[in-house]
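Observations on chain architecture
Spelled out, the chains give:
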Amino acid sequence: MGTLARMLTRMFTVRFAMILIGVSLFVVTLDVITYVNDILALKGATAWAVPYYGLLRLPTIMSSFIGISALLAALLLLTEISNSNELVAVWGTGVSQLRLIGMLTPIALIIGALSFGLNNYAIPMAAPTLHAWGIGDYGEKKLKVGEGDPIWMRSGNDILRAGTSNPQATVLRDVIIFRRDAKGILQEQIMAGSAELVDGRWELRDVTMYYQEDLPPNRLDRMIYSGLMRPAAAGSRSGDPEEMSARDLEYFIENAGFGIRPTQVYETWLMKRMTGIVTALLMIAIAVPLSVRFKRGGGLGAMFAIGVGLGFAFFIVDGLAVTLGELGMVPPWMAAWMPPLIFATLAGVMISRAEAL
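Below: a short report on this structure. Only a predicted model underlies this, so the values are computations on that prediction, with no experimental measurement involved.

Here's the deal with the nonpolar core
By size, the foremost hydrophobic cluster in this structure holds 59 residues, and its most contacted members are Leu 8, Phe 12 and Phe 16. Tallying contributions element by element places helix α2 (residues 49–83) first for this core, with 17 residues. If we ignore the near neighbours within four places in the chain, the residues touching Leu 8 are Leu 77, Ile 81, Leu 100, Met 103 and Leu 104. In terms of nonpolar packing, the next biggest core, distinct from the first, is built from 16 residues, Met 153, Ala 162, Val 207 and Met 209 among them.

In structure tokens form, the structure reads like this:
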């Protein structure tokens, strides 16, 4: 059985790699051709900027096609061995559907780890440069820190809003600090022309303080605010949850989204980051029982079509569930885990029915 497992794993891996790399390079090439003039128009851009842009876009594109590539690879593998009657021999040796899925589970989990690595490391690393370049869709999503978008920070119960900021969010202008008690009731409002982070403390200038009580405002030229304000956008952080690492998602969740997006948006994407690990295994679990139904070599086209249809249905339901989770219509865990659970149940039903044939 070890020989069979190695053979199937090797065949699956080769087909998966060919499909994923081929489709990804094709899509990247189309993307580069579409925006080549915009890339070369960047300040200081050389001919090397074109392949560099393609390299930056590759992780996002590969991540988008990993699941469907795993499904197509499994269907292609099972179709080929069924067409040559090798699948009949496999079932004849007493190998069950669950055991066949188990043989491919290690490579499926490796693919899941690849998906996690792309989403959690490669995409967040590439996103800041793509946002800075502002090419294609990134022209609309480009972060404009310090160019009109407000910056929100938080320190305990206090909330800070700044009209503009430098890219590192260490120098702020048009600052308002809302000082609240433990119940969230506003106690003071501090308005400052500017604020600079010096030695871990904020140095405010041109300060006006307003109080909850009916007292006249207090004006100061300079004031030290010792609260540890945590910036929502600083350095390589992005406000787009699909382009953030799990660590940054947790950072935004801990700080209530900094007023940029509701907390459930980041919670949904954090949960979604985990479900990507099992997507390839789920695609294999859907494909295997189909091969039993068509185990005698007939109707392989129908088997392939049904498998692709179920795969696309999964990705549609998954995308819809994420949207519902972002809107707060369902809990984040349900938005992330219900599609895999539903289709895992469907795969289980298909396996039990195929066993009865």
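Comments concerning the pairing of strand β6 (residues 218–225)
Strand direction decides the pairing type here: strand β5 (residues 201–211) and β6, joined by seven bridges, are antiparallel. Its bridge partner lying in β6, Arg 205 is registered against Arg 222.

Concerning helix α6 (residues 246–254)
Residues Ala 246, Asp 248, Leu 249, Tyr 251 and Phe 252 constitute the buried set of α6. Just downstream of α6, Ala 256 is the residue with a positive phi angle, here 55 degrees.

A few points about the pattern of salt bridges
Going through the model one piece at a time under the given rule, you end up with six salt bridges. In this structure, the salt-bridge partner of Glu 80 is Arg 15, at a minimum N-O distance of 2.6 Å. Residue Glu 80 is found in helix α2, and its partner Arg 15 is found in helix α1 (residues 2–40); the two are separated by 65 residues along the sequence. For Arg 15, a relative accessible area of 17% puts it in the buried group. Here Arg 222 and Glu 203 are joined by a salt bridge, their closest N and O atoms 3.5 Å apart. You can see Arg 222 sitting in strand β6 and its partner Glu 203 sitting in strand β5, a full 19 residues away along the chain. On the accessibility criterion, Glu 203 (15% relative accessible area) is buried. Look at the salt bridges and you will find they share partners, linking Glu 203, Arg 205 and Arg 222 into a network.

Considerations on unusual backbone geometry
In the Ramachandran plot, Asp 174 falls in the positive-phi region, its phi being about 55 degrees despite a non-glycine side chain. Residue position: Asp 174 is located in strand β3 (residues 171–180). For Asp 206, which is not glycine, the phi torsion reads 55 degrees and is therefore positive.

Digging into the side chain of Ser 24
Here Ser 24 is to be found in helix α1. Residue contacts for Ser 24: discarding those within four places in its chain leaves Leu 58, Ile 61 and Met 62.

Notes on the pairing of β5
By the bridge criterion, ten bridges tie strand β4 (residues 186–198) to β5 in an arrangement that is antiparallel. Note that in β5 the partner of Ser 194 across the bridge is Arg 205. In sequence, β4 turns back onto β5 through a hairpin of two residues, with Asp 199 there showing a positive phi of about 55 degrees. In this structure, the hairpin formed by β5 and β6 is closed by a connection of six residues.

Some points on the packing of aromatic side chains
Scanning the entire structure with this criterion turns up eight aromatic pairs. Considering the side-chain rings of Phe 252 and Tyr 266, the 4.9 Å spacing of their centres and the 40 degrees angle between planes classify their relative orientation as tilted. Separated by 14 residues along the polypeptide, Phe 252 in helix α6 and Tyr 266 in helix α7 (residues 263–275) bring together distant segments of the chain. Just as Phe 252 is buried, Tyr 266 falls in that class too. With a centroid separation of 5.2 Å and 70 degrees between ring planes, the pair formed by Phe 314 and Phe 315 is classed as edge-to-face. The class of Phe 314 is buried, set by a relative accessible area of 2%. For Phe 315, a relative accessible area of 28% translates into the label partly exposed. An aromatic cluster is present here, built from Tyr 52, Tyr 53 and Trp 133 joined pairwise through their rings.

Calculation rules
Residues numbered from 1 in each chain as written. Predicted model: local features only at pLDDT ≥ 70, side-chain atom pairs only at ≥ 80, totals over all residues. Heavy atoms only, no water. Core = buried A, V, L, I, M, F, W, Y, C linked by side-chain atoms within 4.5 Å. Buried < 20%, exposed > 50% of the residue type's maximum accessible area, 1.4 Å probe, protein only. Helix = DSSP H or I, 4+ residues; strand = E, 2+ residues; numbered from the N terminus. Contact = heavy atoms within 4.5 Å. Pairing = 2+ DSSP bridges. Salt bridge = Lys/Arg side-chain N within 4 Å of Asp/Glu carboxyl O. Phe/Tyr/Trp six-rings, centres within 6.5 Å; stacked < 30°, edge-to-face > 60°.

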